[in-house]
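# Structural characterization, general
Below, each chain spelled out in residue letters.
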Amino acid sequence: MSFPGTIAVMGGGSWATALAKLLLDNCESILWYMRRDDRIEEFRRNRRNPAYLSDVVFDIERIEFSSDINEVCRRADTLLLVMPSPYFKDHVNKITVDISDKFVVSAVKGIVPDDNLIISTYMQKRFGIKPERTLVVSGPCHAEEIALGRQSYLTIGCNDIFHAEQFASCLAGKTLKTITSKDVDGIEYAAVLKNVYSIAAGIVHGLKNGDNFLAMLVSNAIREMERFVDTVCPRHRQICDSVYLGDLLVTSYSRFSRNHNFGSMIGKGYSVKAARMEMEQTAEGYYGTKCIHEINSRYSVTMPILDGVFDILYRGANPAKAIRRMSDTFI
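Here's a quick rundown of the structure. Being a predicted model, the structure only gives us computed values, none of them experimental. (Residues numbered from 1 in each chain as written. Predicted model: local features only at pLDDT ≥ 70, side-chain atom pairs only at ≥ 80, totals over all residues. Heavy atoms only, no water.)

Take the overall build of the protein chain next. Looking only at helices and strands, one finds 15 helices and 10 strands in the protein chain. In terms of overall size, the protein chain behaves like a compact globule, its C-alpha atoms giving a radius of gyration of 19 Å where 331 residues would be expected to give roughly 20 Å. When its C-alpha atoms are laid out on the principal axes, the protein chain stretches across 55 × 40 × 40 Å. Taking all 331 residues of the protein chain together, 56% fall into the buried category. A separation threshold of at least 6 residues defines the contact pool for the protein chain, and within that pool the share at least 24 residues apart is 70%. Mean positive and mean negative side-chain charge positions of the protein chain (40 and 39 charges, respectively) differ by 4 Å. (Helix = DSSP H or I, 4+ residues; strand = E, 2+ residues; numbered from the N terminus. Rg over C-alpha atoms; globule rule 2.2 N^0.38 Å. Buried < 20%, exposed > 50% of the residue type's maximum accessible area, 1.4 Å probe, protein only. Contact = heavy atoms within 4.5 Å. Lys, Arg positive; Asp, Glu negative; His and termini not counted. Charge placed at Lys NZ, Arg CZ, Asp CG, Glu CD.)

All right, on to the packing of helix H9 (residues 211-232) against helix H13 (residues 284-299) then. For the pair H9 and H13, interaxial distance at closest approach is 11 Å and the crossing angle is 60°. Between H9 and H13, the interaxial angle falls into the category oblique. At the point where H9 passes H13, the crossing takes the left-handed sense. Of the residues in H13, those in contact with Phe228, Thr231 and Val232 of H9 are Ile292, Ile295, Asn296 and Tyr299. Among the residues forming the contact of H9 with H13, the class breakdown is 5 nonpolar, 2 polar and no charged. (Axes fitted to C-alpha atoms, helices over the stretch in contact; angles between N-to-C directions. Parallel < 35°, antiparallel > 145°, perpendicular 65-115°, else oblique. Left-handed = near helix turned anticlockwise from the far one by under 90°. Nonpolar A, V, L, I, M, F, W, Y, C, P; charged D, E, K, R; others polar.)

With that settled, the discussion passes to empty space enclosed by the protein. Scanning the entire structure with this criterion turns up 1 cavity of 30 Å³ or more. What the largest cavity holds in volume is close to 40 Å³. Lining of the largest cavity is provided by Ser106, Val108, Lys109, Gly110, Ile119, Val136, Val137, Glu188 and Ala191. Of the residues belonging to the lining of the largest cavity, the class tally is 5 nonpolar, 2 polar and 2 charged. (1 Å grid on protein atoms, 1.4 Å probe; cavity = no way out; pocket = protein on both sides within 12 Å on 5 of 7 lines; lining within 4 Å. Points joined across faces, edges and corners; volume = space filled by probe spheres on them.)

Bringing the packing of helix H14 (residues 304-314) against helix H15 (residues 319-327) into the picture now. In the contact formed by H14 and H15, the axes pass within 9 Å of each other and the chain directions differ by 165°. In terms of their interaxial angle, H14 and H15 are classed as roughly antiparallel. Here the hand of the crossing between H14 and H15 comes out right-handed. Note on element contacts: H15 touches H14 through Pro319, Ala322 and Met326, opposite Pro304, Ile305, Gly308, Val309 and Ile312. Split into classes, the residues belonging to the contact of H14 with H15 amount to 7 nonpolar, 1 polar and no charged.

With that out of the way, let us pick up the side chain of Ser181. For Ser181, the position within the fold is in strand S10 (residues 176-181). Judged by its relative accessible area of 16%, Ser181 is buried. A distance of 3.0 Å separates the side chain of Ser181 from the backbone nitrogen of Asp183, its partner in a polar contact. Discounting residues that sit within four places of it in the chain, Ser181 has contacts with Thr155, Ile156, Gly157, Cys158, Ile161 and Ile187. (Polar contact = N/O pair within 3.5 Å; in protein donor to acceptor, adjacent residues only side chain to side chain.)

We now examine the layout of surface pockets. The space that makes up the largest pocket amounts to roughly 1,000 Å³. Around the largest pocket sit 45 residues that line it, and Gly13, Pro84, Arg258, Gln281 and Thr282 are the ones nearest its centre. Of all the secondary-structure elements, those providing two or more residues to the lining of the largest pocket are helix H1 (14-24), helix H4 (88-92), helix H6 (143-147), helix H8 (184-206), helix H10 (242-253), helix H11 (258-267) and H13. By residue class, the composition of the lining of the largest pocket is 20 nonpolar, 12 polar and 13 charged.

Okay, structure coming up:
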């Protein structure tokens, strides 16, 4: 089998829908696993995802939908994982077929709660996927802007750079440019951390602290991210590359950022519980904050922004006071 072979999109949200759109610009057909049969039927009838990015029209004849995850895993050569991290294990733990010889591409941008593992590591440990068959896709890229046909950029990471280039060719197009990298672990950790920092940026916005302060927050956040990823997965990397700094910037500033919007509600006075209930989509950074905080208990990296967000989300700290304490560390 020549990589990537038959690709299965695993998930039904906005990011899964955007990536499916890109794949169908380059591939003859795809498999698509979605949990709910009623959503699949409505998708087939209307030729569009009924719940996410519903303006995007699909050629249904080139998509084989299924709510049977094992059937999809049996037939696919490459599994593109695009489930929200809080529900990730609920989905993949239903897999009973042997997928150790498959390629796995993570576009989750989250971490497995409780296990505190990035997706690639979890899949390697749980299903015996070889590292050279494990890939990651990350930003800076919002699903909504892909749907609008705006110029966007993605980085595809893999220990085997040939596989990264091959999968990049399945996504690239006139409005989507691709970059390749070998830094799988660093990219995944950065994708988790930028969501945490986006919540902090949202809180600052909600508190009306101003753009000057926000610039200081973000510039300190990229230093904090660099300290963490260089400690946990040391290797040569340029933290100003788009997959690190660029993804942090777009997630911290964009109106499409659900993590920023979640944080903004907290800054405006919502309780954490009320803000979570108000959100229509998952704010990955809420879960990522706890996971990274627990991981860092082993490494003791200096992370005042992470610690401040954790105090607000999980210890009931006053947002204004926590941000003020955090700012005392800024340089």
